[in-house]
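Results of the structural survey
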2 protein chains.
Amino acid sequence: MLSRNYQDVAPEPVGEGITIRWVISKPEGAPNFAMRVIEFAPGAVFEEHQHPYEHEIFVLEGEGVAHGPDGEVEMRPGVALYIPPDEPHGYRNTGKGVLRFICVIPHPE
Amino acid sequence: MLSRNYQDVAPEPVGEGITIRWVISKPEGAPNFAMRVIEFAPGAVFEEHQHPYEHEIFVLEGEGVAHGPDGEVEMRPGVALYIPPDEPHGYRNTGKGVLRFICVIPHPE
């Protein structure tokens, strides 16, 4: 069993005001999927994009919106999002504090 | 994109004082893995067990311990656990409130 606090994993920048921590992934021995913690500073935006793998998301803290083909959905603590493979999506922090969420993806083939 | 608050998913009992919510899984279209939210009432114990698939866990609330072949590890908010396939493990709520954590598993073959 591996145990770590996500805060002990170094955050990597992935955009202006956006970081990602790879909390559990291949280096930890995970065979199938990776758990990451993503943080958006207030006002940070990740523009619409798409990729051939799904997201399973759980919001830990903050307020934001995710947008997709059917419009916007609210991101707040306790909200889970499923984004299917190849579906365009983006995120925006609309709150005054950090927007923090878990995002699980399959390992690339 | 599917959006739901985990609290809107019906909890299913999995032991005395223990429930599971299948927040994102096959019925939501997820092709590879399932995100569940598990809750332990104060004092609840899930005895040691094992299975041929891994766990990726993230603690949301409460205090507890997970035990495995190398002893016990603390469960508190922000702690992530990786439990490899076939490794014996169990959990216990050691706090005064609920112990709540996310547990992601691959779909069975």
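Structure: above.
This write-up is about the structure you can find in this document. (Residues numbered from 1 in each chain as written. Chains lettered and ligands numbered in written order. Predicted model: local features only at pLDDT ≥ 70, side-chain atom pairs only at ≥ 80, totals over all residues. Heavy atoms only, no water.)

Remarks on the overall build of chain A
Counting secondary structure elements, chain A contains 0 helices and 11 strands. When its helices and strands are written in sequence order, chain A yields β-β-β-β-β-β-β-β-β-β-β. Viewed in the frame of its principal axes, chain A has a C-alpha envelope of about 40 × 30 × 25 Å. Counting across all 109 residues of chain A, residues that qualify as buried make up 50%. Of the accessible surface of chain A, which amounts to about 5,000 Å², a share of 49% is contributed by carbon and sulfur atoms. Of note, chain A has its 8 positive side-chain charges centred 7 Å away from the centre of its 17 negative side-chain charges. (Helix = DSSP H or I, 4+ residues; strand = E, 2+ residues; numbered from the N terminus. Buried < 20%, exposed > 50% of the residue type's maximum accessible area, 1.4 Å probe, protein only. Areas by Shrake-Rupley, 256 points an atom, 1.4 Å probe, with all protein chains shown as cover. Lys, Arg positive; Asp, Glu negative; His and termini not counted. Charge placed at Lys NZ, Arg CZ, Asp CG, Glu CD.)

So, the pairing of strand β11 (residues 99–106) of chain B
Residue and element names in this part refer to chain B. Burial within β11 is extensive, with 8 of its 8 residues counted as buried. Neither face of β11 is open: one carries Leu99, Phe101, Cys103 and Ile105, the other Arg100, Ile102, Val104 and Pro106, and all of them are buried. Relative to β11, strand β4 (residues 33–40) runs antiparallel, the two sharing 8 bridges. Note that in β11 the partner of phenylalanine 40 across the bridge is leucine 99. Across 5 bridges, strand β6 (residues 55–61) lies against β11 in antiparallel orientation. By the bridge assignment, phenylalanine 58 is partnered in β11 with isoleucine 102. (Pairing = 2+ DSSP bridges.)

Details of the sheet that holds β4(B)
Strand order in the open sheet formed by 7 strands is β1(A)-β9(B)-β6(B)-β11(B)-β4(B)-β3(B)-β2(B), with antiparallel pairing between adjacent strands. Of all the strands in the sheet, just β1 (2–5) of chain A together with β2 (12–15) of chain B have a single pairing partner and so form its edges. Ignoring strand direction, the axes of neighbouring strands in this sheet form an average angle of 25°. Bridging between β1(A) and strand β9 (residues 79–83) of chain B involves 4 bridges; their strand directions are antiparallel. Bridging from a neighbouring strand, Arg4(A) pairs with Ala80(B) of β9(B). (Axes fitted to C-alpha atoms, helices over the stretch in contact; angles between N-to-C directions.)

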